[in-house]
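# Working through the structure, step by step
Now for the letters of each chain:
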Amino acid sequence: MVTKKSRGRRVTKSQGVNPVAKERAGNGPPDEYADLVRLAAAGDAEALDRLLMRAQAVAWRFSSAVCGRGNDAEDAMQEALLKTYRYVGRLREPEAFRSWLYRTVRNACLIGRRKRAGEPARLQSLDEVLPGPEGPRPIDAAHPGKGPEALAANSGLRRRLREALRALPASYRTIVFLREMEGLSTKEVATVMGVSEDNVKTRLYRARVQLQAALGSQS
Amino acid sequence: MSAATGSSPRCRALLLELSRYLDGDLAPARRRAIERHLAACTCCGTMSIRMRTAIAACRAEGTQPPPRAVMVRAAKRVRALIAKSGITAGPR
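Per-chain numbering applies: the sequence of each chain, read as written, is numbered from 1 onward. Going through the entries in the order they are written, you letter the chains from A and number the ligands from 1. Local features in a predicted model are, by the rule used here, given only for residues with pLDDT of at least 70; side-chain atom pairs are given and counted only at 80 or more, and totals for whole chains, interfaces and linings are based on all residues. To obtain the side-chain values, all non-hydrogen atoms of the structure were used and water was disregarded.

### Overview of the pattern of salt bridges
Formally: Each reported salt bridge corresponds to a side-chain nitrogen of Lys or Arg within 4 Å of a carboxyl oxygen of Asp or Glu. Numbering of helices and strands runs from the N terminus, with a helix taken as a DSSP run of H or I at least four residues long and a strand as a DSSP run of E at least two residues long. When accessible area is computed with a 1.4 Å probe and restricted to protein chains, residues below 20% of their type maximum are described as buried, those above 50% as exposed, and intermediate ones as partly exposed.
Counted under the stated rule, the structure contains 18 salt bridges over all chains. A salt bridge links Arg 98 of chain A to Glu 188 of chain A; the shortest N-O distance between them is 3.1 Å. Of this pair, Arg 98 of chain A sits in helix α4 (residues 97-112) while Glu 188 of chain A is found in helix α9 (residues 186-193), placing the two residues 90 residues apart along the sequence. You'll find Arg 98 of chain A and Glu 188 of chain A in the same group, each marked buried. A salt bridge links Lys 201 of chain A to Asp 25 of chain B; the shortest N-O distance between them is 2.8 Å. In this pair, Lys 201 of chain A sits in helix α10 (residues 197-215) while Asp 25 of chain B sits in the loop between α1 (9-22) and α2 (28-40), so the two residues belong to two different chains.

### Here's the deal with the confidence of the model for chain B
All names here are of chain B. Filter applied, for reference: As a per-residue quantity, pLDDT reports the predictor's confidence and falls between 0 and 100. In this description, contact between two residues means that some pair of their heavy atoms is separated by no more than 4.5 Å.
Summarising the model, chain B shows a mean pLDDT of 82, and 84% of its residues fall at 70 or more. The spread of mean pLDDT over the elements of chain B runs between α1, the lowest at 86, and α2, the highest at 94. Taken together, the stretch residues 1-5 has pLDDT below 50 and engages in 16 contacts with residues farther than four places along the chain or on a different chain. Segment residues 86-92: pLDDT under 50, and 21 contacts once partners within four positions in sequence are set aside and those in other chains are kept.

### Some remarks on helix α7 (residues 155-167) of chain A
Operational definition: What a helix should span is 1.5 Å times the count of its residues minus one.
Between its terminal C-alpha atoms α7 of chain A stretches 19 Å, which fits the 18 Å expected from 13 residues at 1.5 Å a residue. Of all the positions in α7 of chain A, only Gly 156, Leu 157, Leu 161, Ala 164 and Leu 165 of chain A are classed as buried.

### Observations concerning the packing of aromatic side chains
All names here are of chain A. What counts, and what does not: Pairing of aromatic side chains requires ring centres within 6.5 Å, counting the rings of Phe and Tyr and the six-membered ring of Trp. Pairs whose planes differ by under 30 degrees are stacked, by over 60 edge-to-face, and all others tilted.
The tally for this structure, following the rule as stated, stands at 4 aromatic pairs over all chains. Between the aromatic rings of Phe 62 and Phe 177, the centroid separation amounts to 5.2 Å while the plane-to-plane angle is 85°, which identifies the pairing as edge-to-face. On the criterion of sequence distance, the pair formed by Phe 62 in helix α2 (residues 45-67) and Phe 177 in helix α8 (residues 170-181) is long-range, its members being 115 residues apart. Each member of the pair, Phe 62 as well as Phe 177, carries the same accessibility label: buried. When the ring of Tyr 87 is compared with that of Trp 100, the centres are 4.0 Å apart and the planes differ by 10°; the resulting orientation is stacked. In this pair, Tyr 87 sits in helix α3 (residues 71-87) while Trp 100 sits in helix α4, placing the two residues 13 residues apart along the sequence.

Okay, here's the thing in structure tokens:
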């Protein structure tokens, strides 16, 4: 499949390839996990250390983004640590580790939560969040000429994003986390979530529509 | 091709594809058709920018590292686990 880079991101006629996959700080490209698993399984202590630290970082990020912070995060990190340590020597396909890790972390976070705080009582209909006859307003009306990346760095926007994420249903929040923040492909997200790729794309679309509506609101 | 500032039924139908367009998940011909529409339609063009901003904000949020104190505790857990080595089926 032919790809080309556009402003540092890969643009492709994709099968769910995520242009952000290479950019994740401290996460590394997908095949780096496979290399670490092979080395760790062969007795490389440094590789094992890095793998266990990575697993905990994933658990922290997931717990923070999807489940909320506090005790849940530390519990999820501990669970990720122990399961990775147990699993790494038994894995027949190191390339499958990444999906396994996110699935494990997700299960650890979801089992650990007693009741999801902030779960919206109902899902907003698209009619409520798509633009009406007057059309959509720019997200940052004060700086209409700013590009999306520059706007995204705005601290006020980040705060609104976190609020908007909390307002999403948990499954949407999970998909946004996996796809946008962690750089998993559509296929990988579908594997982690146990749903079809079309389901992932549909939920991702709905989540994005809600997020852009929330970021564009006055409050 | 409409240059309307409002959202027509055609625009709302196109918006269903906007997410896939932004992911590069459309055939070239369809991608070009959407690009032409985004250039000509203020409503859809603005929605595209808003969605890109939301996506960029999510990605920026994803690059935030865990707090140092959190990773210090994580490192202690790793050292304790490896030192203890009381868990079976670890690396050979």
